[in-house]
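One letter stands for each residue in the lines below.
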Amino acid sequence: MIITVTAFKGGVGKTTSSIHLAAYLNNKAPTILIDGDLNRSALLWASHQKLDFPVVDEREGLKAARNYEHIVVDTPARPEIEEIRSLAKGCDLMVLPTSPDALSMGALQANIQTFKQLNIPNFRILMTIVPPKPSTAGIEAKEYLQSLGLPVFKRMITRYAAFPKAALEGCVVRDVKGDRYAGAGWNDYKTVGGEIYG
């Protein structure tokens, strides 16, 4: 399975989603994460050597990927149209993370217009950095997207402080020590992974 994680806007959990979807898939079969982002955020995350799967840059990815059952690709923010076309043809599913704030939703609309223009059917939207209850921002944003007939993951990724901690420590959120929401954060991504895999 080849999963591409892409977004027209930074700060919507693209690399966090790439890391955690790779961690989920790696529990099923050997998985590699290819970091195509110019910021090399996934490689920086992996530099602590606490991940159970390899992270390589895109130049190494083609050769390295031969040995893995699953591939997750973390793309640059704002990929060019031709790049999106190529990525869509080369993967099984494109995951579009977005947070429920107005700017991110606006950028997502641009993403969707490009996908429609290119006639790309194999994508699903992932609501990320969703404010916890009692906020209803995530649910309202998801219902709005569904009302437009867009494919959206059932599970949303709640905004937990454990995620920035995981990035700082270079681990998957489930491995963050001393944070009572680390397990809940991992459960969010595990459930999303099940929607993809199962």
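Residues numbered from 1 in each chain as written. Predicted model: local features only at pLDDT ≥ 70, side-chain atom pairs only at ≥ 80, totals over all residues. Heavy atoms only, no water.

1. A short note on the overall build of the protein
Regarding its fold elements, the protein presents eight helices and six strands. If you list the helices and strands of the protein from N to C, you get β-α-β-α-β-α-β-α-β-α-β-α-α-α. The C-alpha radius of gyration computed for the protein amounts to 16 Å, which stays within 12% of the reference 16 Å derived for 198 residues, consistent with globular compactness. Referenced to the eigenvectors of the C-alpha coordinate spread, the extents of the protein come out at roughly 40 × 40 × 30 Å. Partitioning the contacts of the protein with sequence separation of at least 6, the portion at a separation of at least 24 is 73%. Taken as a whole, the protein presents about 9600 Å² of accessible surface, with 52% of it coming from carbon and sulfur. Between the mean site of the 23 positive side-chain charges and the mean site of the 20 negative ones, the protein shows a separation of 4 Å. (Helix = DSSP H or I, 4+ residues; strand = E, 2+ residues; numbered from the N terminus. Rg over C-alpha atoms; globule rule 2.2 N^0.38 Å. Contact = heavy atoms within 4.5 Å. Areas by Shrake-Rupley, 256 points an atom, 1.4 Å probe, with all protein chains shown as cover. Lys, Arg positive; Asp, Glu negative; His and termini not counted. Charge placed at Lys NZ, Arg CZ, Asp CG, Glu CD.)

2. Notes on helix α6 (residues 137–147)
In an α-helix, one full turn covers 3.6 residues, which means residues spaced three or four apart are oriented alike. All of the buried residues along α6 are Gly138, Ala141, Lys142 and Leu145. Taken end-on, α6 shows its buried residues confined to a sector of 100 degrees, consistent with a single buried face. The secondary structure elements touched by the buried residues of α6 are α5 (102–117) and β6 (123–127). With its phi angle positive at about 80 degrees, glycine 149 sits one or two positions after the end of α6. (Buried < 20%, exposed > 50% of the residue type's maximum accessible area, 1.4 Å probe, protein only. Arc of directions from axis to C-beta.)

3. Some thoughts on the packing of aromatic side chains
Enumeration over the complete set of coordinates arrives at five aromatic pairs. These aromatic residues form a ring-pair network of at least three members: Tyr160, Phe163, Tyr181 and Tyr189. It is arginine 174 that lies over the ring of tryptophan 186; its NZ or CZ is 4.6 Å from the centre. (Phe/Tyr/Trp six-rings, centres within 6.5 Å; stacked < 30°, edge-to-face > 60°. Lys NZ or Arg CZ within 6 Å of the ring centre and 35° of its normal.)

4. Describing the sheet that holds strand β3 (residues 55–57)
Overall, parallel pairing links the six strands, which are arranged β3-β2-β4-β1-β5-β6 in an open sheet. Whereas interior strands pair on both sides, the edge strands pair on one side only; in this sheet they are β3 and β6. When strand polarity is set aside, the average angle formed by the axes of neighbouring strands in this sheet is 25 degrees. (Pairing = 2+ DSSP bridges. Axes fitted to C-alpha atoms, helices over the stretch in contact; angles between N-to-C directions.)

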